Amino acid sequence: CQGILQILYEMQTMLAEISGLPAVSLQPAAGAQGELAALLTAAAWFRDRGEKRTKVLFPSSAHGTNPASAALAGFECVQLKESATGLVELNELESHLDESTAVFMITNPNTLGIFQKDILRISHLLHDVGGLVYIDGANMNAILGITRPGDFGGDMMHYNVHKTFTGPHGAGGPGAGPIAVRDFLADYLPGPVIAREIRTSDTGETATHYSLSTPPKSIGRMRSFFGNVGILLRGYCYLRTLGAAGLKEVSEQAVLNANYLKSQIEDVLPVPRGGARCMHEFVASAKTVQTQKGISAMDIAKRLLDFG
């Protein structure tokens, strides 16, 4: 198994570097399971510290998996009201922060394609009350090689390897949802993770050896074996092929393409809270064409399929 273990170890290392978060588990099978794994990891850390933290906060623009994962992990879900700009309203956030706050879950850039410019301030607010910041990695496509969740205050995140690093997105998988966390959470990660050691023989020769290792306070396995190897291998090849410069270019092109598309259609399908620029995605509304012509968003979606 040494060959595949080496590849997966290097995958862990690359994902840690891209996120700015040093500890990685490849265990989760998809993004939503990655969220659950990270929240269970956080719960175990708080429990170990003797802290009773019950609340998980998230903006109304969050993916539906965020509150679902929080509920499955045993937390109370608190949804923040949406601001006029589509960003997190700091006063609203502060009103819910106290010693019972466990985690704030946020996608950055968010689902509307807007980068949360106050993310460092948000992270400080959470850390001031002893809480953690979870970055939903669904939109990493927009920031690869440009900024890192660990650098703007995130304590945990998941990747959608199947979405960000070449695998087709949707249609039921397969997926892979590795999580990356800060070093103080490493002992609680779902296992096994891949460990590397340098062994020295009696003759003084050294050799690298890879093995499966379970963190000492691990929350346990999320699934059989140690991850969806086929998708992880595909993502590994993508990363090795592109390199650091190529990865950054992926995001630059994704943002450019999204803004080009937005400029072509926003006169027909308005982009609420779109502003001048979006990141790698935006949300357009069919409300106007439905009112004026009786054409729904579903009609448009089906017609796009008609044209491949």
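Only a predicted model underlies this, so the values are computations on that prediction, with no experimental measurement involved.

Rules and cut-offs
Residues numbered from 1 in each chain as written. Predicted model: local features only at pLDDT ≥ 70, side-chain atom pairs only at ≥ 80, totals over all residues. Heavy atoms only, no water. Phe/Tyr/Trp six-rings, centres within 6.5 Å; stacked < 30°, edge-to-face > 60°. Buried < 20%, exposed > 50% of the residue type's maximum accessible area, 1.4 Å probe, protein only. Helix = DSSP H or I, 4+ residues; strand = E, 2+ residues; numbered from the N terminus. Polar contact = N/O pair within 3.5 Å; in protein donor to acceptor, adjacent residues only side chain to side chain.

1. Some details on the packing of aromatic side chains
Here the structure, examined in full by the defined rule, presents 6 aromatic pairs. Each ring, one from W45 and one from F46, has its centre 5.1 Å from the other, and the planes form 55°; the classification is tilted. There is no split in this pair, since W45 and F46 are both buried. Look at F115 and F152: their rings are 5.9 Å apart centre to centre, the planes differ by 85°, and that puts the pair in the edge-to-face class. Placement of F115 in the loop between strand 4 (101-107) and helix 5 (119-128) and of F152 in the loop between strand 5 (132-136) and strand 6 (156-158) is noted, with a sequence separation of 37 residues between them. Its relative accessible area of 5% is what places F152 among the buried residues. Following the ring pairs from residue to residue traces out a cluster consisting of W45, F46 and F184.

2. Quick look at the side chain of S25
Mapped onto the elements, S25 comes out in strand 1 (residues 23-25). In this structure the side chain of S25 is engaged in a polar contact, spanning 3.3 Å, whose partner is the backbone nitrogen of Q27. A distance of 2.8 Å separates the side chain of S25 from the backbone oxygen of P190, its partner in a polar contact.

3. Some words on unusual backbone geometry
For the bond from N108 to P109, the omega torsion is 0°, close enough to zero to count as cis. In this model, G191 is joined to P192 through a cis peptide bond whose omega is 0°.

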